[in-house]
Structure formats: structure tokens, C-alpha cells
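# Structure assessment
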Amino acid sequence: MTRWLELADGVLARRYEHLDQTLGLVVGRERCLVVDTGGDEVRGAEFAAAIREITGVPWLVVLTHAHFDHHFGTRAFLPCRVWAHERCRPAMGADRAEWAAKLRQEGSGELAARLEEAELVPPTDTLTTEVTLDLGGRRVTLLHPGRGHTDHDVAVHVPDAAVLFAGDLVEQGAPPSIGPDSHVTEWPHALDRLLALCPGMIVQGHGDPVDAAFLRRQRDELSRSSARPT
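This section reports on the structure supplied with the text. (Residues numbered from 1 in each chain as written. Predicted model: local features only at pLDDT ≥ 70, side-chain atom pairs only at ≥ 80, totals over all residues. Heavy atoms only, no water.)

What characterises a pair of aromatic rings is the spacing of the ring centres plus the angle enclosed by the ring planes. Under the counting rule described, the total for this entry stands at 4 aromatic pairs. Geometrically, the ring pair formed by F47 and F77 is edge-to-face, given 6.0 Å between the ring centres and 70° between the ring planes. Within this pair, whereas F47 is found in helix α1 (residues 41–52), its partner F77 is found in the loop between β5 (59–62) and β6 (82–85), the two being separated by 30 residues in sequence. Of the residues examined, F47 reaches a relative accessible area of 0% and is grouped as buried. Judged by its relative accessible area of 1%, F77 falls in the buried class. Where W59 meets F77, the ring centres are 4.8 Å apart and the plane angle is 65°; that geometry is what we call edge-to-face. In this pair, W59 is assigned in strand β5 and F77 in the loop between β5 and β6, connecting sequence segments 18 residues apart. On the basis of relative accessible area, W59 is assigned to the buried category, the value being 13%. Three or more aromatic residues joined by ring pairs make a cluster, and in this case those are W4, F47, W59 and F77. Lying over the aromatic face of Y16, R43 brings its terminal NZ or CZ to 3.9 Å of the ring centre. (Phe/Tyr/Trp six-rings, centres within 6.5 Å; stacked < 30°, edge-to-face > 60°. Helix = DSSP H or I, 4+ residues; strand = E, 2+ residues; numbered from the N terminus. Buried < 20%, exposed > 50% of the residue type's maximum accessible area, 1.4 Å probe, protein only. Lys NZ or Arg CZ within 6 Å of the ring centre and 35° of its normal.)

Next up, the structure:
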């Protein structure tokens, strides 16, 4: 099941059953910002077509991090500028073979093949800490709040709508995904940086949108996890 959620005027999230994934869209008068593109070119093409039913303005893409499900759909949006953190590009594609094998083990051979065949599209523009983009009557800030889920997470703040796209720094419906490239002891500090933006709604890469109270609870749980002896 696929559906749009309208979060504010011109700010939307597209929900997918597979991986419980959420992709984002922020629309201005002159251009729109696409937040992540999905895990393969079929998903990317579907997302691009769905966006074109909403707006015809040119798009920019921002990748919240380098895990496969967030960027292998980018080819469908070309040509366009693709933003990411400066450490994103070296990490892109590192998990492709692992996830393709996992999908095959789960009986999803078609999804595995689509992932293996997808073109890796590197970012054209990078940020270190933050950058503000003008979409025409609406400004959005791309920021790296610190190391957490990865060392190159990017969040997207839409201040006029009080909406924050947090990528996989936040997760609803499951515990935060902690992998070998995560930085658990620093992750709560990154969430503090996001809370300082006073978001009214947080949209994460997986699950339904949440509020600041949910974000605080997840920060506290991560703080307890990082304090436990290993």
C-alpha cells in the first residue's frame, strides 16, 4: 500500500509498505525538494511520477544518508542537483550486495535483481554542517546534526511548516537501527540538535510521522543504551 500524507501546505510524505519506508517532498514556487529516492529505480520512477501529479516545478534531491534504500532510485530524477553530506559518497553502495543477498534469502529475488541493476548516482553538491536552499517563497535547511545512525546523516528542516525530515536518525514502529557504521554514544547529541529546532512534526525514513515528545523518548533510550556496559 502506497499513500501520500499531507503534513503542511506543500510539505508531503509518501508512505510505502515495503520496509515501512517514508520519502519526502517540499514544494516551493520555483522548485521542489525530494527527500530520498527509494531503494531501486522502479521505486524511484514511481516516486517521481507521483510527484509530477502534484507539481511540475523542477526538483532538487537530498539524500539523508548512504544506505541503499534511500538513494538507489535517484536515476529517475536526473538531470538535477543531488545534495548529501560530504562523507556520503564514499559510503554509497557499500551495503548493496549484503541487502541483495538478504532479499533473496527472504524470497524477494525480483527486488534483489532491481537493487543489483540500479545505477549508483553520486551527489553533485555536498555540505559539511548545513546549507539553506531557496525553493521560491520557501527556504529549507539541510543540516548534519552530528554522527548518529551514520557519520553523514542529513536532516531537512522546513521552518515555515515546523516540519523536520530526520532520515534514519529517528525511527517509528521499530527501535532505531544501529549498525556497524552507527555512533551510538554520539547519537543522542545529534537528536538534541534536532530538538533545538523546535519541530512540530518529525518525519523519519521508516514509520509514521511523530512529534517532539517521541523524539525525546527515543533520545533518552539511546542515551541509556550507550551507557550500558558492553
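Having seen the model, we can carry on.
Spatial strand order, β8-β9-β10-β11-β12: 5 strands in an open sheet with mixed pairing. Among the strands making up the open sheet, the edge pair consists of β8 (130–134) and β12 (201–204). Taking each pair of neighbouring strands and ignoring which way they run, the sheet shows an average axis angle of 20°. As paired strands, strand β11 (residues 163–167) and β12 are joined by 4 bridges and run parallel to one another. Paired with V163 across the two strands is M201, which belongs to β12. (Pairing = 2+ DSSP bridges. Axes fitted to C-alpha atoms, helices over the stretch in contact; angles between N-to-C directions.)

Let us now look at the pattern of salt bridges. Inspection of every chain in the model, using the stated rule, returns 17 salt bridges. Within the structure, one salt-bridge network assembled from shared partners comprises R3, R15, D20 and D208. (Salt bridge = Lys/Arg side-chain N within 4 Å of Asp/Glu carboxyl O.)

As for its position among the elements, T150 is in the loop between β9 (139–143) and β10 (155–158). At a separation of 3.0 Å, a polar atom in the side chain of T150 contacts the main-chain amide nitrogen of H152. Not counting residues up to four positions away in its chain, the partners in contact with T150 are H65, H67, D181 and H183. (Polar contact = N/O pair within 3.5 Å; in protein donor to acceptor, adjacent residues only side chain to side chain. Contact = heavy atoms within 4.5 Å.)

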